[in-house]
2 protein chains.
Amino acid sequence: MNSKLGSDLGDAVGIAPISVPKASDILADRLRDLILSGSVKPGESLPSERDLVSTSGLSRSSVRDALRILEVEGLIATRPGRSGGSIVQRPDRQSVARPMELFVKSHEIHLESLLDCRLAVEPFLAARAATHHTDEELADIRRIHEKFLATTDNLAEYKKLNLEWHLAIARSSHNELLIALMEAISHPIHEAAGYREVTTEQIRAEAKKAHCAILEAIEERNPELAHNRMAKHLGAYMDVARTIPNSE
Amino acid sequence: MNSKLGSDLGDAVGIAPISVPKASDILADRLRDLILSGSVKPGESLPSERDLVSTSGLSRSSVRDALRILEVEGLIATRPGRSGGSIVQRPDRQSVARPMELFVKSHEIHLESLLDCRLAVEPFLAARAATHHTDEELADIRRIHEKFLATTDNLAEYKKLNLEWHLAIARSSHNELLIALMEAISHPIHEAAGYREVTTEQIRAEAKKAHCAILEAIEERNPELAHNRMAKHLGAYMDVARTIPNSE
DNA sequence: TCCCGCTTTTTGGTCTAATCATATTACTTT
DNA sequence: AAAGTAATATGATTAGACCAAAAAGCGGGA
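Here's what I pulled together on the structure shown here. Throughout, a residue's number is its position along its own chain's written sequence, starting from 1. Chain letters start at A and ligand numbers start at 1, both assigned in the order the entries are written. Confidence filtering applies because this is a predicted model: local features only for residues at pLDDT of at least 70, side-chain atom pairs given and counted only at 80 or more, and all residues used for totals across whole chains, interfaces and linings. Working from all heavy atoms in the structure, the side-chain values ignore hydrogens and water.

Considering the relation of the copies chain A and chain B
The least-squares superposition of copies is restricted to C-alpha atoms, and to residues with a pLDDT of at least 70 in both copies. Take chain A, turn it by 180 degrees, move it 0.0 Å along the axis, and it overlays chain B with an RMSD of 0.1 Å. The symmetry that links the two subunits is that of a two-fold axis. Residue contacts are defined here by distance: any two heavy atoms, one from each residue, within 4.5 Å place the two residues in contact. Here 100% of the interface residues in chain A have copies in chain B that are interface residues too; the copies meet face to matching face.

Next comes the structure, spelled out in structure tokens:
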């Protein structure tokens, strides 16, 4: 068992570095496959921890580790108590948005990139909303819209309703993936953007006008118009944001 | 300790349901804050598990659970052995793309929605690539492009290089978030799309022509042209995909 | 008969205390 | 000095116990 000899042999034969997977990872992979293949459907439960221990041959810690992985991934929800257990569920939008937010925060993504992202996605969402919206969704947008128009000097309220307005439009697009993306980038944008770019009365008035125009296009089910007006609205916002130095 | 009495009191006073957070979640939140606030920088290590046990007062299981959460989130990487530990890192693009893929698979997102997503994002990436690309990135794209043009009847090879081509364009955009999004949706698309829509020689020839045109626009650093040509290319692809019934 | 209240049972959550595996460091020997 | 060997710090894994929550079962009384 000479280590040098072993190393030489390894180099000579060209053994690739062997990665030793963790027991919990292997079990997590298997359980994930079970879920994704549809063997266990949403609402149903995985076997109890103690069952998994006996069937897998692993210890309870490893089993719990595996379950914890799936929980973070949003594939299961665990509840204590009898008839509790690991209940399979479809990951919600937050399971997508959360990692994205972590990514944005960790990499200190510039506001510029976030707005870029928004500019790419939101006009599209507006166009889809124009063609795909239901009556309930439209009513929801209108309700938020009216409240938004009614805001005056309460900046926090203005920002909150502005955000809600955009998210309501997004939800009407019926594209779950793009909605999740919007949700993910909205929070960082509205945190990073600060209050300065909406301080003047004029800017807020223009935003309200733009919202009205976009909503009108959506009500008329005119996707091209909604797309262009949203793009113009965001362009104006970006121009304002750009003239203001970053707070960081 | 009459339970009925307690319940009535609770209803009367209007006590909100109290959520009992798990110990590991609390610790995970704290450690995550430490990382995101920059108190522990990428490359540095968190305290060892045994240290965390003594400072937090929790058991080793809970501490390990917390660390496992952060690991799944891509915030740390753990390595065994002396001078191992939980090393802080920035989440990579995979940490964003993976949850998105799980979301797509779990919700059985239609190919239509995925292509929509792509249509929203990729023309934008092409435009940004036109203005932001470096010489190395352009050389990389060209290398893949040449290999792509050289493919003939090997469909697997064609599809692989096609995917790589699109991702290379995306990388040149320098928008990390949109790159991650592209990576995330590319795999499901190319899995779901099957082989049928690229079976005819004519379709492949047109795709090659379109790639050439897009690349040309990028080399000329003309963002509008790159945007429009990419949109047209994707539109053509979607038309083809739409004429073919889903494989599911 | 039906409902309240107690007990039982199942399940996840937490803790303790070892032991194993791995990789680095420190030491010893040649 | 270089090479080999022992000590050590770290995560990975196991085992077993007990706690807490929540549902199910049971029994007595209105």
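A short note on the packing of aromatic side chains
Residue and element names in this part refer to chain A. A pair of aromatic rings is counted whenever rings of Phe, Tyr or Trp (Trp by its six-membered ring) have centres within 6.5 Å, and the orientation is called stacked for planes under 30 degrees apart, edge-to-face for over 60 and tilted otherwise. Considering all chains together, one arrives at two aromatic pairs over all chains under this definition. When the centroid spacing of 5.1 Å and the interplanar angle of 35 degrees are considered together, the rings of Phe-148 and Tyr-158 count as tilted. Taken together, the positions of Phe-148 in helix H7 (residues 135–150) and Tyr-158 in helix H8 (residues 155–171) put the pair 10 residues apart, joining distant regions of the chain. Since its relative accessible area comes to 0%, Phe-148 is described here as buried. Only DSSP runs of H or I reaching four residues or more are called helices, and only runs of E reaching two or more are called strands; each is numbered from the N terminus. Relative accessibility decides the category of a residue: with a 1.4 Å probe and only protein chains considered, values under 20% of the type maximum give buried, values over 50% give exposed, and everything between is partly exposed.

Describing the pattern of salt bridges
All names here are of chain A. Only one rule defines a salt bridge in this text: a Lys or Arg side-chain nitrogen within 4 Å of an Asp or Glu carboxyl oxygen. Evaluated as defined, the whole model comprises 37 salt bridges over all chains. Arg-93 is the partner of Glu-183 in a salt bridge, and the nearest nitrogen-oxygen pair spans 3.2 Å. In this pair, Glu-183 sits in helix H9 (residues 176–192) while Arg-93 sits in helix H5 (residues 93–107), placing the two residues 90 residues apart along the sequence. Look at Arg-93 and you get partly exposed, because its relative accessible area is 22%. Here Lys-160 and Glu-164 are joined by a salt bridge, their closest N and O atoms 3.4 Å apart. Here Lys-160 pairs with Glu-164, and both are found in helix H8, just four residues apart, close to one helical turn. Residue class for Glu-164 comes out partly exposed when judged on its relative accessible area of 29%.

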